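# Structural description and commentary
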There are 2 protein chains.
Amino acid sequence: MTEMSERDALVLFMPSGKRGRFAVGTSVLEAARSLGVYVESVCGGRATCGRCQIEVQQGNFAKHKITSSLNHISPVGPKEQRYAEVRTIPEGRRLSCSAQILGDLVIDVPQDTVVNAQVIRKAATDRLFDRNPAIQLCYVEVDEPDMHKPLGDLDRLNLMLEKDWGWTDILVAQHLMPDVQQTLRRGNWGVTAAIHRDLEGARPNLIALWPGLHNEAYGIACDIGSTTIAMHLVSLLSGRVIASSGTSNPQIRFGEDLMSRVSYVMMNPDGREAMTKAVRQAINELTVKVCAEANVDPNNILDAVFVANPIMHHLFLGIDPTELGQAPFALAVSGAVHTWSREIALAINRGARVYLLPCIAGHVGADAAGATLSEGPHRQDRMMLLVDVGTNAEIILGNKDRVVAASSPTGPAFEGAEISSGQRAAPGAIERVRIDPQTLEPKFRVIGVDKWSDEDGFAEQAEKVGITGICGSAIIEVVAEMYLCGIISEDGVVDGAMAARSERILENGRTFSYLLHDGAQRITVTQNDVRAIQLAKAALYAGVKLLMEKQGIDTVDSIRFAGAFGSFIDPKYAMVLGLIPDCDLAEVKAVGNAAGTGGLMALLNRDYRREIEQTVRKIEKIETALEPRFQELFVHAMALPNKVDSFPNLASVVTLPDRKVLDEAGEAGGRRRRRSRG
Amino acid sequence: MTEMSERDALVLFMPSGKRGRFAVGTSVLEAARSLGVYVESVCGGRATCGRCQIEVQQGNFAKHKITSSLNHISPVGPKEQRYAEVRTIPEGRRLSCSAQILGDLVIDVPQDTVVNAQVIRKAATDRLFDRNPAIQLCYVEVDEPDMHKPLGDLDRLNLMLEKDWGWTDILVAQHLMPDVQQTLRRGNWGVTAAIHRDLEGARPNLIALWPGLHNEAYGIACDIGSTTIAMHLVSLLSGRVIASSGTSNPQIRFGEDLMSRVSYVMMNPDGREAMTKAVRQAINELTVKVCAEANVDPNNILDAVFVANPIMHHLFLGIDPTELGQAPFALAVSGAVHTWSREIALAINRGARVYLLPCIAGHVGADAAGATLSEGPHRQDRMMLLVDVGTNAEIILGNKDRVVAASSPTGPAFEGAEISSGQRAAPGAIERVRIDPQTLEPKFRVIGVDKWSDEDGFAEQAEKVGITGICGSAIIEVVAEMYLCGIISEDGVVDGAMAARSERILENGRTFSYLLHDGAQRITVTQNDVRAIQLAKAALYAGVKLLMEKQGIDTVDSIRFAGAFGSFIDPKYAMVLGLIPDCDLAEVKAVGNAAGTGGLMALLNRDYRREIEQTVRKIEKIETALEPRFQELFVHAMALPNKVDSFPNLASVVTLPDRKVLDEAGEAGGRRRRRSRG
């Protein structure tokens, strides 16, 4: 670094906002690095990799007291010119290793530097993450062997990695040793080394080596769900997601839900091994798929981050999950796992590293940690409720002062199981329901049909896909609508008296049902269905409420639904049902696969790994089964929306029905009163 | 540590001589640790492993101002008593974890604490080495799982390793994860962890785990020679070598010497792989052999140290050695190699670590580094010459200020190849020779016969083994004796004129031979044989002399012969031949397999690893082929003992003959003069 002088220029980097004064003649790359602004460079300033592109913002930035102009940056020199001739460089872009600071500048570091043409199918998320990947590509030119100084080829390579890139005490992956001499000679002593360093202060690992300039490095972020495995393929050099895909978890053949898979392991001596093999193979096939989509060689994948629920996490690592099937639900390992691709038979670069986010507890896994990292309750002043609903619901509640977590056994009702006409979300499934409060006639929408059932042309379209059942989102809606119309009481009893008003109220022995659709398939909502939904929603709400009591709060500031279920349900109906506590509806959002987004963040920036490791260590874990209060909260939560809790925000947008108490046979009893709003 | 007071006792530990004051009540183990005295303990002070034995030395140690008495140590308590009842503890020994300091003490830390009965066949060396192994066994009792604090089993294990043993940031070997839960439960939450940490400051590795107290840990130190592989099996807990063995290198079938093996690799596409497989398999078989000998489970081998010449080093690691067969003789890797047993297919514990000493240069390998570590020229004020004679001679010369190294192409003559009657050292080979200066009649000894050839009963014994050839040591002696008797001139010409004095001088066309033995096999030393020895010894001497000139010295203070060859030759004859420079004969010693001893040191004490790594970095490497001066020195060294150098020490014990110059046909020519002594 040259000494500062009066003529030093003021340089502001965007979007980070970091700024500093630099001597005229300093390269923009050097300036960025000295401020800790992440600008990629593989070639080490030789103007050959094209990764260090920046853009000068012209104009008078009064707020920053900077007048930035193209005259304040050195003109394109011969090396940069040569690069531009061989490769394409977008209009206005400069290579920061070659461009020198001549005066005050505002510099934009674009997040979308693409060097090798890649087909980008879809954005996994529209959020931009600061990059600080655990993998760095470093091009070096190594001294040729010298009989007077007989250092080994690898030792001279390491010396240059220290000299040019500052890596000291490099640990070399054993599998590289047999090839290092040939690689150096093929590259005519110019080679690109992939260095992995995750933990600060740890020895850097040399994990891959290519002859010449190697300008591609990728990573995968993968969420191993019980039913679905989702993967992002990411360029570690640009930070872009270049392909995303999913596949069903082949372990389903060993058992639909997690507990049946644990049972399978307990009953079959080779069960654990078979399931480990199945999930790893599915991940390898999915890797091939995303690589094919983006035209990437799997050998260029150098880092992989995984999130998963505890049982998937263990099976993926080859750990018997039996302990997770019984109290005290002991995890074999809860902390973050650092390993190598070849240790777990992943078909990516042999030296690639693997990172698994920490698990929070025996029922709250690395997927919940990923969702936490993505949504960041621990980064906020406001109190956020983050729920991921599946067979178990993971519940995270907190803000920057304190985060608590629990899981609640919601069972499979929300997924359509245990519901008489329930089915998975697929063409033919009813996904939306409205009931006219006067006539009690329903209208609905079916997956694969773009009209409501009362619109013209619905019948013709529906004929093609059929009307086969009710999926999770519609179950929520139909029960909520039944409640709003008075078909069911706050205790969830279908009101037999309503049969007088509508033929849709059917008697089944001692209980009543609601006929939603009468066609090739007769779709009803039975008393048992309502009970199943009540049990599921009560479990979730009681868990949430337990955590709210631990936090000493009566209301939450925002609610985030993670996972597929959350993406399809209408927050209003979820609240009418009392699945979630009262909250400003504008603050209730579905965030999709937040677990996967968390994995992506940990892949792109190792600071996020440290952040979630620290956060998970601090999260207080509540075991609902051990809390005497849970039962009481559960009983209150059986009522719609709740026996004791009020929903003022909800009541301001929805007219909640009068309280109506019915016995199991649907007979009106007790007092009627206006539901308290307070 | 309690606060110091007037009543603090003075404790001296032997043999280290370290001393300190400790509060009454401090355990002897704690005192030793605080002084950095290495006392083994696996159980962590629970008086169950028995590894921490010490002995109180009684008496008045005036020099140290200590009166040490059994009254100054606490009596045997119940835990120690229990140990003594279950296991054997030698008379006078105490467990330092239980014995408390009550007053001034002189404590002996015995080097031979043997807990499990082991058959000890032979000592590899009578030297004792301070221990500081890279492996430590740590017994811990882990908290049971707790739903309120749902840390994983492994995480709770790591916490206890930190609490009880001070290990932080432990990196867990992936292969342990599937078994950790079962191991903890089988040990009823008491387990023994093997921790590997070699480099100071590096993260400790958890590499093996056993239920309960596991009181055995072993290591192997192995020298991979071109013809022989030698191995020591060592208890890492006592420091004792418990078995040693050797086997021939199966690579011999690919080529007798190193260069023919390199050629094999160059000519055969699968040659490298075949040779790597062969040497690893031989090492695995040798491991089985030493383990069987000492009744040790190979799974209890947790560390392995290897030394080897550069070509064996590379082939062992799976590296193609082709570059070592041609200038500039580039090593793939010269620095120390740290790896894992499973990476190189060793059949020891799956988590075992492997360490290879650094190579010095393309022709001066990790074996020479091992010999350097063992003999320690770099630890001395005096100038030491260390030579290891094989097909190449490795030469190390130096003292604590400066060490230089070279290799010299001696060829295989010293091993009996290229010698008309040469053979390997085996029964039937002549190994010692004397020639009567008056009669020119020889007497000799034969391997497998315990009499000299002129002794009664020799013929009968010799008939059993035969007299089949001359091995390396005898070649040195017979040529030296021929010179001392005047049969050959200082230029190595067999004097045809001597044929008149003895029928043993035979004419072969234009040159003459000496008939050493006339039996079933006619054993002669021909002019060509003498020439081959001259070429070999001149190469060695010229190399030595080159290094002496680099050091700016005329004489060396001591000479060490490493390797098998050195163990059999008589230093006096080596000097008469001019194989080594003049030196006090009492300072010339054969040190056996010093390379293997160096490996053993690096196995027992990781400080030695750092020492040899630093030393090798500082050693100046001289490439004889690049030194113009080498040729001149070589020509001088063709003469016996040398054309220009004097041998005053040698001349004081041996009467060197007059200088006699003969032409190739053995005719006397030129002047005769008394050989200069000065």
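Being a predicted model, the structure only gives us computed values, none of them experimental.

### A word on the overall build of chain A
- The helix and strand inventory of chain A stands at 17 helices and 29 strands.
- Oriented by its inertia axes, the alpha-carbon framework of chain A measures out at about 100 × 65 × 55 Å.
- By residue count, 52% of the 678 residues in chain A fall in the buried class.
- The contacts in chain A between residues at least 6 apart in sequence include a share of 68% that link residues at least 24 apart.

### A word on the domain arrangement of chain A
- Domain boundaries assigned for chain A yield domain 1 (9-108), domain 2 (117-356), domain 3 (370-412 + 532-651) and domain 4 (416-526).
- The C-alpha centroid of domain 4 of chain A is placed 47 Å from the C-alpha centroid of domain 2 of chain A.

### With respect to the interface of chain B and chain A
- Contacts between chain B and chain A engage 38 residues on the former and 38 residues on the latter.
- Elements with a contribution of two residues or more to the side of chain B that touches chain A: α3 (153-165) and α4 (180-186) of chain B.
- Here the side of chain B that touches chain A is composed, by residue class, of 20 nonpolar, 9 polar and 9 charged.

### Some details on the nonpolar core
- Residues Leu233(A), Ala405(A), Val479(A), Leu233(B), Ala405(B), Ile430(B) and Val479(B) are the most contacted members of the largest nonpolar core, which totals 373 residues.
- When neighbours within four sequence positions are excluded, Leu233(B) is seen to be in contact with Tyr218(B), Ile220(B), Ile242(B), Ala243(B), Val290(B), Cys291(B), Ala294(B) and Val296(B).

### Some words on the relation of the copies chain B and chain A
- Between the two copies, chain B and chain A, the superposition gives an RMSD of 0.1 Å; the rotation angle is 180° and the shift along the axis is 0.0 Å. In symmetry terms, the pair is related by a two-fold rotation axis. Among all C-alpha atoms of chain B, that of Ala202(B) lies closest to the rotation axis, at 3.6 Å.
- When the interface residues of chain B are mapped onto chain A, 100% of them again fall at the interface, so both copies present the same face.

### Brief notes about the confidence of the model for chain A
All names here are of chain A.
- Confidence in the prediction of chain A, expressed as mean pLDDT, is 91, and 94% of residues score 70 or more.
- When the criterion is pLDDT under 50, residues 117-122 qualifies, and its contacts beyond four places in sequence or with other chains add up to 9 contacts.
- Within the model, pLDDT remains below 50 along residues 669-678, and this stretch shows 17 contacts once partners closer than five positions in the same chain are excluded.
- Scoring the predicted complex yields pTM 0.89 and, for the interface, ipTM 0.88.

### Observations concerning the sheet that holds strand β19 (residues 393-398) of chain A
Residue and element names in this part refer to chain A.
- Strand order in the open sheet made by the 6 strands is β28-β27-β18-β19-β20-β29, with mixed pairing throughout. At either margin of the open sheet sits one strand with a lone partner, and together these are β28 (588-592) and β29 (620-621).
- Both strand β18 (residues 384-389) and β19 contribute to a ladder of 6 bridges, which runs antiparallel. In the strand pairing of β19, aspartate 388 is matched with glutamate 394.
- In the packing of helix α8 (residues 366-375) onto the sheet, the strands contacted are β18, β19, β20 (403-408), β27 (558-562) and β28, and the crossing angle to β18 comes to about 140°.
- The strands that helix α11 (residues 527-551) touches are β18, β19 and β20; relative to β20, the one it contacts most, it runs at about 160°.

### Quick word on the packing of helix α11 (residues 527-551) of chain B against helix α16 (residues 628-638) of chain B
All names here are of chain B.
- Where α11 meets α16, the axes come as close as 8 Å, and the angle between the chain directions of the two elements is 130°. On the basis of their axis angle, the class for α11 and α16 is oblique. As α11 runs across α16, the sense of the crossing is right-handed. Contacts between α11 and α16 pair Gln534, Lys537, Ala538, Ala539, Tyr541, Ala542, Lys545, Leu546 and Glu549 from the former with Arg629, Phe630, Leu633, Phe634, Ala637 and Met638 from the latter.
- Taken together, the residues of the contact of α11 with α16 break down into 10 nonpolar, 1 polar and 4 charged.

### Points about helix α8 (residues 366-375) of chain B
- Along α8(B), 10 of the 10 residues are buried, which leaves the element largely enclosed by surrounding structure.
- Within α8(B) the residues assigned to the buried category are Ala366(B), Asp367(B), Ala368(B), Ala369(B), Gly370(B), Ala371(B), Thr372(B), Leu373(B), Ser374(B) and Glu375(B).

Cut-offs used in this document
Residues numbered from 1 in each chain as written. Chains lettered and ligands numbered in written order. Predicted model: local features only at pLDDT ≥ 70, side-chain atom pairs only at ≥ 80, totals over all residues. Helix = DSSP H or I, 4+ residues; strand = E, 2+ residues; numbered from the N terminus. Buried ≥ 20, exposed ≤ 12 C-beta atoms within 10 Å, placed from the backbone. Contact = placed C-beta atoms within 7 Å. Domains from an automatic or database assignment. Nonpolar A, V, L, I, M, F, W, Y, C, P; charged D, E, K, R; others polar. Core = buried A, V, L, I, M, F, W, Y, C linked by C-beta atoms within 7 Å. Least-squares fit on C-alpha atoms with pLDDT ≥ 70 in both. pLDDT = per-residue confidence, 0-100. Pairing = 2+ DSSP bridges. Axes fitted to C-alpha atoms, helices over the stretch in contact; angles between N-to-C directions. Parallel < 35°, antiparallel > 145°, perpendicular 65-115°, else oblique. Left-handed = near helix turned anticlockwise from the far one by under 90°.

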